[in-house]
Amino acid sequence: METAKRHDWGLVVAGVLLVALALFFTVAPGLTLVTITAIAGAGFLVSGIFDAVMYVRFRRAMDLSGWVLAYAVLDIVLGLMFLLHPLALSGVIPWVIGAFLLVFGIFEVVAALRVRRLGTSLWGWMLFSGIVEALCGLTFFLAPATFVVFLALFVVMRGVSLIVYGWNAGRALV
């Protein structure tokens, strides 16, 4: 069948780019940590500004509580703190991203078990990848100094996963 020979080159290229990014993480761990902190700060700031604007525009129509505005102000303050002092606040980033990786890994393990029921051969890789990702997230809580090393490992796992999925895309559809 023709579809069995097709590859998803978008996934393969994305995977290769993630593996290259992981290499950068290992070469420049300090820059990686400070950059991630600044990006998180920008996210908090933008989110807080949009929440504050939403509160001002819709507080009467949606009967919004003052807590919505307080949350927006907190996001703005956190965003400014992360942006103005990324080096000082980079110490909390391992816990924030650790929580994300732990949840993401658990979701991938659950997805792998569901995919297994469909009979596809890729479920084993998904299970392995999800377990490694969840363990990386857990490690950030226990040993936050290893953050960049395990972040690089996570990114390599995602990159290799995308390469494997992209290369086998036609086979998975059969």
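Our subject is the structure listed above.
Criteria and cut-off values
Residues numbered from 1 in each chain as written. Predicted model: local features only at pLDDT ≥ 70, side-chain atom pairs only at ≥ 80, totals over all residues. Heavy atoms only, no water. Helix = DSSP H or I, 4+ residues; strand = E, 2+ residues; numbered from the N terminus. Buried < 20%, exposed > 50% of the residue type's maximum accessible area, 1.4 Å probe, protein only. Contact = heavy atoms within 4.5 Å. Areas by Shrake-Rupley, 256 points an atom, 1.4 Å probe, with all protein chains shown as cover. Lys, Arg positive; Asp, Glu negative; His and termini not counted. Charge placed at Lys NZ, Arg CZ, Asp CG, Glu CD. Expected span 1.5 Å × (residues − 1). Arc of directions from axis to C-beta. Polar contact = N/O pair within 3.5 Å; in protein donor to acceptor, adjacent residues only side chain to side chain.

### Thoughts on the overall build of the protein
- Scanning the protein for helices and strands turns up eight helices and zero strands.
- Helices (α) and strands (β) of the protein occur, in sequence order from the N terminus, as α-α-α-α-α-α-α-α.
- Along the first, second and third principal axes, the C-alpha set of the protein runs to 60 × 45 × 30 Å.
- Within the protein, the proportion of its 174 residues that are buried is 34%.
- Long-range contacts, defined here as pairs at least 24 residues apart, represent 76% of the contacts in the protein between residues at least 6 apart.
- Accessible area for the protein stands at about 10,500 Å²; split by element, carbon and sulfur atoms hold 76% of it.
- If the 10 positive side-chain charges of the protein are averaged to one point and the 7 negative ones to another, these points end up 6 Å apart.

### Overview of helix α5 (residues 93-118)
- Over its 26 residues, α5 extends 37 Å from the first C-alpha to the last, a length consistent with the 38 Å expected when each residue adds 1.5 Å.
- For α5, the set of buried residues is Ile93, Pro94, Ile97, Gly98, Leu101, Gly105, Glu108, Val109, Ala112 and Val115.
- Note on α5: the residue one or two positions beyond its end, glycine 119, has a positive phi of about 90 degrees.

### Re helix α1 (residues 9-27)
- Between the first and last C-alpha of α1 there are 27 Å, a value that for 19 residues agrees with the 27 Å anticipated at 1.5 Å per step.
- Of the residues making up α1, those classed as buried are Val12, Gly15, Ala22 and Phe25. Mapping the buried residues of α1 onto a view down its axis gives an arc of 130 degrees, with all of them on the same face. Exposed residues on α1 whose side chains face more than 90 degrees from its buried face are Leu17, Leu23 and Val27.
- Summarising the contacts, the buried residues of α1 are in contact with α2 (29-58) and α7 (147-167).
- At the N-terminal boundary of α1, the capping side chain belongs to aspartate 8, with an oxygen 3.1 Å from the backbone nitrogen of glycine 10.

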